[in-house]
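Observations on chain architecture
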Amino acid sequence: MRRHLPVLIFLTALVIVSAVLERTAITDDAHITMRIVRHALEGQGLRYNPGDAGVQPATSPLNMILLLAISWALSVAGLPVESAVVISTAIVGCLALPALGFGAYLLMSGDRGQSILAAVAAAFLICSPLTLGTLGLETSLSLALCVAAILAYRFRAFGAMGWLLGFAFLARHDAAILAGILYFLVWRESKKGDLVNPMSSLVGFVVIVGPWLLFSLFYYGVTTPTTLQSKAAQGGTAYWPAWYPTLFWPWMKAYFLGSAPLAGVAIASAFLGILRAIWKRTRASQAVLLFVVYQALG
């Protein structure tokens, strides 16, 4: 791991510089969780509006819990509640974003262990407009945990994979798609006699997810965020105001400074990389494919 330390330091510094230079307002969705946390610290419960019943407003329970824990500690230290909540959001972002970049670097480094191309790709990932534009949301946290779960699968650490999938599910419930894919692969390997025990990989997932679902059911009356229904009714969001595939090309050009040639080269390179991964069939290439499939389905 020491050989990766320079890359880790570089990516961490890049995150801090990029976040400072970006200096944009936090998106509205981030304020939803921040409002819940503030109400909790003020003794009004984990509610978006005091007295709400049957409404589970937190699309990312893990992000909410982290913000609550950090905000509580800061408020105990003497900070006003509002300041504590805002600072806690920055702290979570400064932890999750480097973790995402370093995880992506390891994922794309392949079996050789080091790659300049992987470092460049990871740097671009954490500096892309969409990533920086979602600071304060659970996006970076969720992706970092999903990448970590895929890495655990790649290195046959199935127990750790289960725990990471549990946290990823609490970060964003659509991580259930990735969990389904990975558990299917683990089950298939166990049928081949590869000395894999699928049950050992389920323990962490159940221990993490089960208590939250029970709490949510008894506290809110539902197990999934009801805000998802509101988002579905919108038919789009500020980032994706129309059907997602129709906006893929405009977003790609936006990522690459409005340059169609650069966006085209990136798409072609990614496509060739996927074909190469399918052809090689190594554990490293399989891990990258898993992430691509999950993102496509999610």
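The coordinates are above.
Everything in this summary refers to the structure shown in the same document.

Conventions we followed
Residues numbered from 1 in each chain as written. Predicted model: local features only at pLDDT ≥ 70, side-chain atom pairs only at ≥ 80, totals over all residues. Heavy atoms only, no water. Helix = DSSP H or I, 4+ residues; strand = E, 2+ residues; numbered from the N terminus. Buried < 20%, exposed > 50% of the residue type's maximum accessible area, 1.4 Å probe, protein only. Contact = heavy atoms within 4.5 Å. Areas by Shrake-Rupley, 256 points an atom, 1.4 Å probe, with all protein chains shown as cover. Phe/Tyr/Trp six-rings, centres within 6.5 Å; stacked < 30°, edge-to-face > 60°. Lys NZ or Arg CZ within 6 Å of the ring centre and 35° of its normal. Salt bridge = Lys/Arg side-chain N within 4 Å of Asp/Glu carboxyl O. Core = buried A, V, L, I, M, F, W, Y, C linked by side-chain atoms within 4.5 Å. Patch = residues over 30% accessible without salt bridge, like charges linked within 9 Å, V, L, I, M, F, W, Y side chains within 5 Å. Axes fitted to C-alpha atoms, helices over the stretch in contact; angles between N-to-C directions. Parallel < 35°, antiparallel > 145°, perpendicular 65-115°, else oblique. Nonpolar A, V, L, I, M, F, W, Y, C, P; charged D, E, K, R; others polar. Polar contact = N/O pair within 3.5 Å; in protein donor to acceptor, adjacent residues only side chain to side chain. Left-handed = near helix turned anticlockwise from the far one by under 90°.

**As for the overall build of the protein chain**
Of regular secondary structure, the protein chain possesses 14 helices and zero strands. Residue burial in the protein chain is summarised as follows: out of 298 residues, 40% are buried. Once local pairs closer than 6 in sequence are excluded, the contacts in the protein chain between residues at least 24 apart make up 66%. Working note: accessible area of the protein chain is about 15900 Å², and carbon and sulfur atoms make up 70% of it.

**A word on the packing of aromatic side chains**
Counted according to the given criterion, the structure contains nine aromatic pairs. Ring centres of Phe169 and Phe205 lie 6.0 Å apart, and the angle between their planes is 65°; on these two criteria the pair is classed as edge-to-face. Here Phe169, found in helix α8 (residues 158–171), pairs with Phe205, found in helix α10 (residues 198–219); they are 36 residues apart in sequence, far enough to count as distant. Take Phe169 and Phe205: they sit in the same class, and that class is buried. Relative to Tyr220, the ring of Tyr219 lies with its centre 4.8 Å away and its plane at 85°, an arrangement referred to as edge-to-face. Note on Tyr219: relative accessible area 27%, which makes it partly exposed. Ring pairing ties together the aromatic residues Trp212, Phe215, Tyr219 and Tyr220, which thus form one cluster. One Lys or Arg, Arg35, reaches over the ring of Tyr48 and ends 4.4 Å from the middle of that ring. The ring of Tyr153 carries the charged tip of Arg156 above its face, separated from the ring centre by 5.2 Å.

**Things to note about the pattern of salt bridges**
As enumerated under the stated definition, the model contains four salt bridges in all. We note a salt bridge from Arg38 to Glu42, for which the minimum N-O separation is 3.0 Å. Where salt bridges share partners, they join Arg38, Glu42 and Glu82 into one cluster.

**A short note on the nonpolar core**
For soluble globular proteins, nonpolar side chains are generally found buried alongside one another. Leu11, Tyr105, Tyr153, Met161, Leu165 and Leu182 are the most contacted members of the largest nonpolar core, which has 59 residues in total. It is helix α7 (residues 139–154) that provides the largest number of residues to this core, a total of eleven residues. When residues no more than four places from it in sequence are discounted, the contact partners of Leu11 are Gly101, Phe102, Tyr105, Ala119, Ala122, Ala123 and Ile126. Judged by nonpolar contacts, the second largest core, of six residues, contains Met252, Tyr255, Phe256 and Ala263.

**Focus on a nonpolar patch on the surface**
Together, Leu79, Ile87, Ile91 and Leu95 make up an exposed nonpolar region whose accessible area comes to about 320 Å². As for its placement among the helices and strands, Ile91 is situated in helix α4 (residues 81–109). What makes Ile91 partly exposed here is its relative accessible area of 33%.

**Looking at the packing of α7 against helix α9 (residues 175–191)**
It is the contact of α7 with α9, at a shortest axis distance of 11 Å, that shows an interaxial angle of 5°. What the angle tells us is that α7 and α9 run roughly parallel. Taking contact as the criterion, the partners of Cys146, Ala149, Ile150 and Tyr153 in α7 are, on α9, Ala175, Leu178, Leu182, Leu185, Val186 and Glu189. Among the residues making up the contact of α7 with α9, the classes are represented as nine nonpolar, no polar and one charged.

**As for the side chain of Asn63**
Relative to the assigned elements, Asn63 resides in helix α3 (residues 61–76). Accessibility expressed as a relative area gives 3% for Asn63, which makes it buried. Beyond its immediate stretch of four places on either side in the chain, Asn63 contacts Thr33, Val92, Gly136, Leu137, Glu138 and Leu141.

**Describing the environment of Ala96**
Structurally, the position occupied by Ala96 is in helix α4. Between the alpha carbons of Ala96 and Ser142 there is a distance of 8.5 Å; along the sequence they are 46 residues apart. Residues within four places of Ala96 in sequence aside, it is in contact with Ser140, Leu141 and Ala144.

**Considering unusual backbone geometry**
Positive phi, close to 65°, is recorded for Arg156, a residue that is not glycine. With respect to the helices and strands, Arg156 occurs in the loop between α7 and α8. Classification of Arg156 by relative accessible area gives partly exposed; the value is 26%.

**Points about the side chain of Ser71**
Locating Ser71 in the fold gives a position in helix α3. Look at Ser71 and you get buried, because its relative accessible area is 0%. A distance of 3.5 Å separates the side chain of Ser71 from the backbone oxygen of Ala84, its partner in a polar contact.

**Quick notes on the packing of α8 against α10**
Relative to each other, α8 and α10 sit at 25°, their axes nearing to 5 Å. Judged on the interaxial angle alone, α10 and α8 are roughly parallel. In this structure, α8 crosses over α10, and the sense of that crossing is right-handed. From α8, Phe158, Gly159, Met161, Gly162, Trp163, Leu165, Gly166, Phe167, Phe169 and Leu170 reach across to α10, where they touch Ser200, Ser201, Gly204, Phe205, Val207, Ile208, Val209, Trp212 and Leu213.

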